[in-house]
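In case you want the letters, here they are:
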Amino acid sequence: MIGSFTNIFIPMSFLWWMGFQMRALFIHADYLEYEAKKKTKLADDISDDKKKGRIEEALVTYISFEEIDEGKEEASAKLLAENVMEIAEKVETKNTVLYPYAHLSSSLGKPASGKEILEKTAEILEEKGYTVLSSPFGWYKSFKISCKGHPLSELSREIVAGEDEGGDGEEVSEALKSEEKAVSSWFVLGLDGELTSLELKKNKVKGYDFGDHKRLKQFVQYEMAKSRTAGKEPPHVDIMKRLELVDYEPASDPGNFRYYPKGRMMKSLLETYVNQEVKRTGGMEIETPIMYDFEHPSLKSYLHRFPARQYSIQTPDKRVFLRFAACFGQFLMMHDATVSYKHLPMRLYEMSHYSFRAEQRGELTGLRRLRTFTMPDCHSFCADIEMAKLEMQDRFQLSWDVLNGIGFQVPNELEFAIRVTKEFYDENSEFLAGLVKKWGKPALVEMWDKRFFYFIFKYEWNFVDSQGKASALNTDQLDVENAERYDINYVGMDGEKHHPYILHQSPSGAIERVMYALLENIHLKQMTGEKPKFPHWLAPTQVRFLPVHDDVLENCKELAGKLNARADVDDRDQSIGKKIRDAEKDWIDFIIVYGEKEQESGKLSVRRRDGVQEELTIEELASKLAELQRGMPMTSLPLPMLLSKRISFRG
RNA sequence: GCCGCUGUGGCUAAGGGGUAUAGCGAUUCAUUGGUAAUGAAUAGGUCGUGGGUUCAAUUCCCAUCAGCGGCUCCA
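In what follows, the accompanying structure is described. Everything quoted here is computed from the prediction, not taken from an experiment. (Residues numbered from 1 in each chain as written. Chains lettered and ligands numbered in written order. Predicted model: local features only at pLDDT ≥ 70, side-chain atom pairs only at ≥ 80, totals over all residues. Heavy atoms only, no water.)

**Some points on the overall build of chain A**
- When you go through chain A residue by residue, the secondary structure sums to 16 helices and 31 strands.
- Across the 651 residues in chain A, those meeting the buried criterion constitute 53%.
- Considering only intrachain contacts with a sequence separation of at least 6, the fraction spanning at least 24 residues in chain A is 75%.
- Carbon and sulfur atoms provide 50% of the accessible area of chain A, an area that totals close to 30,600 Å². (Helix = DSSP H or I, 4+ residues; strand = E, 2+ residues; numbered from the N terminus. Buried < 20%, exposed > 50% of the residue type's maximum accessible area, 1.4 Å probe, protein only. Contact = heavy atoms within 4.5 Å. Areas by Shrake-Rupley, 256 points an atom, 1.4 Å probe, with all protein chains shown as cover.)

**Observations concerning the sheet that holds strand β18 (residues 346–356)**
- Read from one edge to the other, the open sheet built from 11 strands follows the order β11-β10-β9-β21-β20-β22-β23-β26-β19-β18-β14, with strand pairing classed as mixed. The open sheet has two free edges, formed respectively by β11 (204–206) and β14 (283–285), since each of these has just one partner strand. Averaged over all neighbouring strand pairs, the angle between strand axes comes to 30°, with direction disregarded.
- Where strand β9 (residues 184–189) and strand β10 (residues 195–201) come together, four bridges link them in antiparallel fashion. Bridge pairing in β10 links Leu189 to Leu195.
- Running over the sheet, helix α3 (residues 214–225) touches β9, β10, β11, β20 (415–421), β21 (443–448), β22 (455–464) and β23 (470–479) and is turned about 40° from β20. (Pairing = 2+ DSSP bridges. Axes fitted to C-alpha atoms, helices over the stretch in contact; angles between N-to-C directions.)

**Description of the packing of aromatic side chains**
- For the structure on display, the rule yields 35 aromatic pairs.
- An angle of 50° between the planes, with centres 5.0 Å apart, marks the rings of Tyr62 and Tyr99 as tilted. Of the two residues, Tyr62 sits in strand β3 (residues 52–64) while Tyr99 sits in strand β4 (residues 95–100), which places them 37 residues apart along the sequence. The burial state of Tyr62 is the same as that of Tyr99; both residues are buried.
- Pairing Phe463 with Tyr516 gives two aromatic rings, centres 6.0 Å apart and planes at 90°, and the pair type is edge-to-face. (Phe/Tyr/Trp six-rings, centres within 6.5 Å; stacked < 30°, edge-to-face > 60°.)

**Topic: helix α4 (residues 235–242)**
- Across the eight residues that make up α4, a large majority, six, are buried.
- Along α4, the residues that are buried comprise Pro235, His236, Val237, Ile239, Met240 and Lys241.
- Check the buried side of α4 and you find it contacts β12 (246–248), β13 (257–259) and α12 (511–527).
- In the segment just after α4, Glu244 is the residue with positive phi, at about 55°.

**Details of the sheet that holds strand β27 (residues 543–547)**
- If you walk across this open sheet you meet the five strands as β28-β27-β29-β30-β31, and the pairing is mixed. A strand with exactly one partner marks an edge of an open sheet, and here the two such strands are β28 (567–569) and β31 (613–617). The sheet shows a mean angle of 30° between the axes of neighbouring strands, taken without regard to direction.
- Note that β27 and β28 share three bridges and pair parallel. Across the sheet, the residue bridging to Phe545 is Val569, located in β28.
- Most of the contacts of helix α14 (residues 576–585) go to β27, to which it runs at about 170°, and overall it touches β27, β29 (590–594) and β30 (603–608).

**Side note on the packing of helix α5 (residues 261–280) against helix α8 (residues 385–406)**
- Packing of α5 against α8 brings their axes to within 10 Å, and their N-to-C directions diverge by 150°. Considering their axes alone, α5 and α8 lie roughly antiparallel with respect to each other. Here the hand of the crossing between α5 and α8 comes out right-handed. On α8, the residues that touch Leu270, Tyr273, Val274, Glu277, Val278 and Arg280 of α5 are Leu398, Asp401, Val402, Gly405 and Ile406.
- Considering only residue class, the contact of α5 with α8 consists of seven nonpolar, one polar and three charged. (Parallel < 35°, antiparallel > 145°, perpendicular 65-115°, else oblique. Left-handed = near helix turned anticlockwise from the far one by under 90°. Nonpolar A, V, L, I, M, F, W, Y, C, P; charged D, E, K, R; others polar.)

**A closer look at the nonpolar core**
- Counting 74 residues, the largest nonpolar core has Ile406, Phe408, Phe416, Ile418, Leu432, Phe457 and Trp461 as its most contacted members.
- Discounting residues that sit within four places of it in the chain, Phe457 has contacts with Met392, Ile418, Arg419, Val420, Phe424, Phe431, Leu432, Leu435, Asp476, Gln477 and Leu478.
- Core analysis: the next-biggest nonpolar cluster, separate from the first, contains 27 residues, Ala182, Tyr302, Trp448 and Tyr454 among them. (Core = buried A, V, L, I, M, F, W, Y, C linked by side-chain atoms within 4.5 Å.)

**Brief notes about the protein's contact with RNA strand B**
- Taken together, 51 residues lie around RNA strand B, and Arg361, Val548, Asp573, Ser575 and Ser605 are the ones closest in.
- Among all atoms of RNA strand B positioned within 4 Å of the protein, those belonging to sugar or phosphate total 49%.
- Note that a base oxygen of RNA strand B is positioned 2.6 Å from one of the side-chain N or O atoms of Glu363.
- Val548 is positioned such that a nitrogen or oxygen atom in its backbone is 2.3 Å from a base nitrogen of RNA strand B.
- Among the elements of the structure, α14, α15 (596–601) and β30 are those that each provide at least two residues to the surface near RNA strand B.
- It is α14 that contributes the most residues to the surface near RNA strand B, six residues altogether. (Near = heavy atom within 4 Å. Polar contact = N/O pair within 3.5 Å; in protein donor to acceptor, adjacent residues only side chain to side chain.)

**Quick word on a negative patch on the surface**
- On the surface, a cluster of negative charge is contributed by Asp550, Asp551, Asp573, Glu596 and Glu600.
- By the element assignment, Glu596 lies in helix α15. (Patch = residues over 30% accessible without salt bridge, like charges linked within 9 Å, V, L, I, M, F, W, Y side chains within 5 Å. Salt bridge = Lys/Arg side-chain N within 4 Å of Asp/Glu carboxyl O. Lys, Arg positive; Asp, Glu negative; His and termini not counted. Charge placed at Lys NZ, Arg CZ, Asp CG, Glu CD.)

**Thoughts on the pairing of β31**
- Covered by surrounding structure in β31 are Glu614 and Leu616 only, the residues Gln613, Glu615 and Thr617 on the alternate face being uncovered.
- Inspection of the sheet shows β30 paired to β31 by five bridges, in the antiparallel sense. Bridge assignment links Ser605 to a residue of β31, and that residue is Glu615.
- In textbook terms, the turn of a hairpin is the stretch between consecutive antiparallel strands, and for β30 and β31 this stretch comprises four residues, one of which, Gly611, has a positive phi near 100°.

**Description of the packing of α5 against α12**
- At a minimum axis separation of 10 Å, α5 and α12 run at an interaxial angle of 115°. It follows from the interaxial angle that α5 and α12 lie roughly perpendicular. When you trace α5 past α12, the crossing you get is right-handed. Across from Gly263, Met266, Lys267, Leu270, Glu271 and Val274 in α5, the residues of α12 making contact are Ile511, Glu512, Val514, Met515 and Leu518.
- For the contact of α5 with α12, a count of residues per class yields seven nonpolar, one polar and three charged.

**Considering the pairing of β29**
- Judged by how many residues are buried, β29 sits mostly within the fold: four of five residues are covered.
- Examined bridge by bridge, β27 and β29 share five bridges and lie parallel to one another. The partner of Leu546 across the bridge, within β29, is Val593.
- Bridge analysis of β29 against β30 gives four bridges, and the strand direction is antiparallel. From the neighbouring strand, Phe590 faces β30, where its bridge partner is Arg608.

Encoded structure:
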C-alpha cells in the first residue's frame, strides 16, 4: 500500500501501546480519497466503481485486527462501532470511513476475522444512521487525507473485547497515554499569611471574600475559569495604529510587527530603562546567539520536553531553532565559566532581541502575545535555597522599581500570582507570606502536588485589561533542574563541585507586552473619564509649539531647540484651532500657542494635558520638564521637528 | 491548529449580479490665523489574493492570505 499523507500532523505524544488488540487510529478529515491499485492474495473481488472513493468531512478510522480478536468478531464489531460513534458525535459528523490498515498491527489476525468485523461494524453504524464508506480489504491502496487538526481530530485507541464472556466485554482503553499532569489547587494568600482555599462552582470562583480587590477577583476568575467579558478588538490595537506606533506586517509571519518611528522610540526607551536598572543592580549584560543547533546534547533533552513550538530554520549546513528565551546562551556560557562560592550570588543579563515562540495562530493578539518579542532575561546563580530566597527578595524590589518607573502604579494596577509545589510552600510559607506582605495586597496561589516543570516556585505580577484578560509582566522562577542539565558548577567551600540554583527573572516582562499593558492601562483610565496620556518620559512629543503665523516660526524653532525635551513645531498652514485639535489628538503634554504677545512678554502660554492653561517663562517650563523626566532615559525627537516635514505612515 | 465573523481609494466606513459612494487625509489655489476641525477645486479604487459558476462577479461558490472573537495553548 502506498500512503501519501498531506496536511497531516502526528503529535509527538503519539504512542502505541504494546498490546495485542484491535488497533484504531481516528482522524477527523476535511476529505479522504483512495484508490485501489493492486491486489494482494487476500483481496476482495470488487467492481471497478469501488476501486476509487472520496468522501468529504468524515471521521476516518484506520483499523487493524489482531490475533486476539479472533473468535470475538461480534463483540469486537460492537465495540468498534461504539468507539466510532462516540468520537463521531464529539466531532459532530455523520460520515464515517472504515479503512483496513494492516500496518497498525504487530500481530495481524486472520483476514476472514477482520473482514467479518468490518462488515458487522458497518452494519451497526448504518443502522444508527451513519454513512459508511468501506475501503476495499486486501488491496494495495493509495490515499490522500486532509486532517482537520483540532484537539479531537486525531485519536488512537486500542480496543479489546472482553475475554470472559467470549465477546461481550465493554473494556475500552486509551492508547493515547495522557501526559502526567500535576494537579493544581488554588488559594488566596492574605496579608496575614493565611491561606484560603478557592474552588470553582458553576464556573464562579468561591471560597474567598474579595471585597475591594475587584481586579484580583477578575484575575482569579480568569486563571481558574478562563472567563472574560464579551470580546471586541483590543483597545491597544486601535491606539497603536492610530498614533502610528506599531502595526501589523502582513508580509511577515503573524505575530511579527513593524514599528513606526514613534513606536520604535518608545520601545527603545523602555529597553534602555530596563537595561539601566538591571545593570545598576549588578546584572552583567551579555549577548548570545538567537539560533541553536537542534543536535546539541544539552539542548536536545530540553527541547524534547517542548516539541514543535519553535521556529526552525535551515542554515547552509544544519537545522537550527530560534531561541524562545535567552536561557540557552546564558547557560552555555555559564557551563564554561569557572565559579567559586565566593562569587555567588551572581547575575547574568540579556535583553533578548529577539526571542521567538511559534505560538498557536489563534492565540496571537496585538502586542499582548507575539511570535517574536524582546525579553529582558536575567539569571541569578545561587549556592543554596537560602541565598536564592534573599536574591529573590532583592529582585522583587528591582521589578517593583522598574515597573513603577515605567509608569504603572505598583501594586495597585497589578495582581500577584504565586505558583509553587506543595513541598516548597510547606517548607517556605513564611518567606512567601513575607513577599505578600511586602506586596501589600492578597495574592493568588496555585499549588501543584508535584513538580512538573524545571522550577519549584515562581511568581508573576499580572496586568488585567478592560476585557478581563490577564497577562504576566515580570516573573521570577526558582530552577532546580537546568544547572544539572547544562552541567553548570561552582566550587564550594569543601572544594567540591556543586550545581547552583538558578533564578530566571524578567524584571518587566517582554517589552512589547509592557507597551500593550501601558496602552491598555491608558484605555482603562480613559473609560473613567480621564484624558489619555503617555508617561511623560515615553511621550513621542513632550512639547509642541504652535506659531500663530509665519513671522514667529523662527522664534518657535529656536525655543523648541533650546528645551531639553522632545519639542516640535506645527508650522503647517492651518488655523490655530486645527493645530490644537491635532495636538490634543496626539496626546501632547504641553501645547504652546506662540504669537506676538508671547514674543513681547517673554511668557509662554502653556496648555497642559489636564486642561489647565498657564503662563510660564521658558526657564520655568524647562525646570518643570526636567522634573517630569526624573532621571528616566532621554532621547531625541523620533520625527522631524517641523510637522510640515512629516510623512503620514498610515493616513 | 479548530469553529465563527471581517477584508471596498492612504485611513474610517456605506453599498451590492450590470466595472462603485461619503467623510477624513493628499494635491492645488485662496486664506496669516489666538486655545479641539478656514474655504474652494482636483487627483486617487483590477472592491485582500487565486480559481469557479454566469452573457456579466466587487457582489454567489471554493481555496488561500491577513485581522478579530471563542476554544485550545502560554517552557
